[in-house]
Amino acid sequence: MLKGVAASEGIGIGKVMIIEEHSLDYTPKDVSDTDAEIKRYQDALEDFCAETVEQAEALKESAGAKEAEILEGHIQMAKDPMMDGEVTGMINDGKCAEEAIDVTYTKYMEMFSQIPDEMMKQCFRRFLTK
């Protein structure tokens, strides 16, 4: 049985979502077949977007459309042409997809963290920890 911190007295009955932390560690490597690496990146991006669409739809049903907009924003950011171009460019330069994503997304995270709007900061942090 799972236990947590009670937010209020009483018994709560409902659905529970368990969020698991996954390791984002990788070993950088140089890539010689950049076309295959770009395809691997694009396939992973499509998988991420498909899973996130499913999660957003489920969230719309359980919590409402407003809450699902955060997940939809993750998809928009992941498919952003500028970010995608930077990732693809690094792969074309011989970097593995993981390193290209890490460097590119870290750059944007640092840039967005300078924005004084706390909601934008939180949105971008959630996207990067997906």
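Worth saying up front: this structure is predicted, and the values here are computed from it rather than measured. Numbers given for residues are sequential positions, taken from 1 along each chain in its written order. In keeping with the model being predicted, local features are shown solely for residues with a pLDDT of at least 70 and side-chain atom pairs are shown and tallied solely at 80 or more, while totals for entire chains, interfaces and linings include all residues. Excluded from the side-chain calculation are hydrogens and water; included are all heavy atoms of the structure.

### As for the overall build of the protein
Thinking step 1. Secondary structure counts use DSSP, requiring at least four H or I residues in a row for a helix and at least two E residues in a row for a strand, with both numbered from the N terminus. Looking only at helices and strands, the protein features five helices and zero strands.
Thinking step 2. For the protein, the sequential pattern of α-helices and β-strands runs α-α-α-α-α.
Thinking step 3. Partly exposed residues are those whose accessible area sits between 20% and 50% of the maximum for their type, while under 20% is buried and over 50% is exposed, using a 1.4 Å probe and protein chains only. Looking at the protein as a whole, 27% of its 130 residues are labelled buried.
Thinking step 4. Throughout, a residue-residue contact means that at least one pair of heavy atoms, one from each residue, lies within 4.5 Å. Sequence-distant contacts, at least 24 apart, represent 58% of the contacts inside the protein between residues at least 6 apart.
Thinking step 5. Only the protein chains shown count as cover for residues, and all accessible areas are computed by the Shrake-Rupley method using a 1.4 Å probe. In the structure as shown, the protein presents an accessible area of about 9900 Å², 55% of it carried by carbon and sulfur atoms.

### Structural notes on the confidence of the model for the protein
Thinking step 1. Every residue carries a pLDDT, the predictor's confidence in it, which falls somewhere between 0 and 100. Considering every residue of the protein, the mean pLDDT works out to 85; 84% of them sit at 70 or more.
Thinking step 2. Mean pLDDT across the secondary structure elements of the protein bottoms out at helix H5 (residues 118-128), with 62, and peaks at helix H3 (residues 81-92), with 96.

### Overview of the nonpolar core
Thinking step 1. In plain words, nonpolar cores are sets of buried Ala, Val, Leu, Ile, Met, Phe, Trp, Tyr and Cys residues tied together by side-chain atoms within 4.5 Å. Counting residues in each nonpolar core, the largest one holds 15 residues, and the members touching the most others are Tyr-41, Val-87 and Ile-91.
Thinking step 2. Breaking this core down by element, the ones donating at least two residues are helix H1 (34-62), helix H2 (65-78), H3 and helix H4 (97-113).
Thinking step 3. The greatest single-element share of this core, amounting to five residues, is contributed by H1.
Thinking step 4. Apart from residues lying up to four places away in sequence, Val-87 is in contact with Tyr-41, Ala-100, Ile-101, Thr-104 and Tyr-105.

### Comments concerning the pattern of salt bridges
Thinking step 1. Think of a salt bridge as a Lys or Arg side-chain nitrogen and an Asp or Glu carboxyl oxygen that are within 4 Å of each other. Tallied over the full model, the rule gives seven salt bridges.
Thinking step 2. For the salt bridge of Lys-39 with Asp-43, the shortest nitrogen-to-oxygen distance reads 2.9 Å. Residue Lys-39 and its partner Asp-43 are located together in helix H1, separated by four residues, close to a single helical turn.
Thinking step 3. Using a relative accessible area of 47% as the deciding quantity, one classes Lys-39 as partly exposed.
Thinking step 4. Through salt bridges that share partners, Glu-37, Arg-40 and Glu-98 make up one connected network.

### Re the environment of Cys-49
Thinking step 1. Tracing the sequence through the fold places Cys-49 in helix H1.
Thinking step 2. Counting along the chain gives 22 residues from Cys-49 to Leu-71, while the straight-line C-alpha distance between them is 9.5 Å.
Thinking step 3. Among residues more than four places away in sequence, those in contact with Cys-49 are Ile-75 and Lys-79.

### A look at the packing of H1 against H4
Thinking step 1. At a closest axis distance of 9 Å, the pairing of H1 and H4 adopts a crossing angle of 60°. Between H1 and H4, the angle is such that the two are oblique. The residues of H4 that touch H1, namely those facing Glu-37, Arg-40 and Tyr-41, are Ala-97, Glu-98 and Ile-101.
Thinking step 2. Polar here means any residue outside two lists: the nonpolar Ala, Val, Leu, Ile, Met, Phe, Trp, Tyr, Cys and Pro, and the charged Asp, Glu, Lys and Arg; Gly therefore counts as polar. Looking at the contact of H1 with H4 residue by residue, the classes come out as three nonpolar, no polar and three charged. Lines fitted to C-alpha atoms define the axes here, with helix axes fitted over just the stretch in contact, and angles between the N-to-C directions of these axes take values from 0 to 180 degrees. Roughly parallel means an angle under 35 degrees; roughly antiparallel means over 145; roughly perpendicular covers 65 to 115; every other angle is labelled oblique.

### What to know about the side chain of Glu-99
Thinking step 1. Examined against the element boundaries, Glu-99 turns out to sit in helix H4.
Thinking step 2. Counted as positive: Lys and Arg. Counted as negative: Asp and Glu, with His and the chain ends omitted from the count. Among buried charged residues, Glu-99 stands out as having no salt bridge; its nearest opposite-charge side chain is Lys-95, 4.3 Å away.
Thinking step 3. In this view, Glu-99 contacts Tyr-26, Pro-28 and Met-90; residues no more than four positions away in its chain are not counted.

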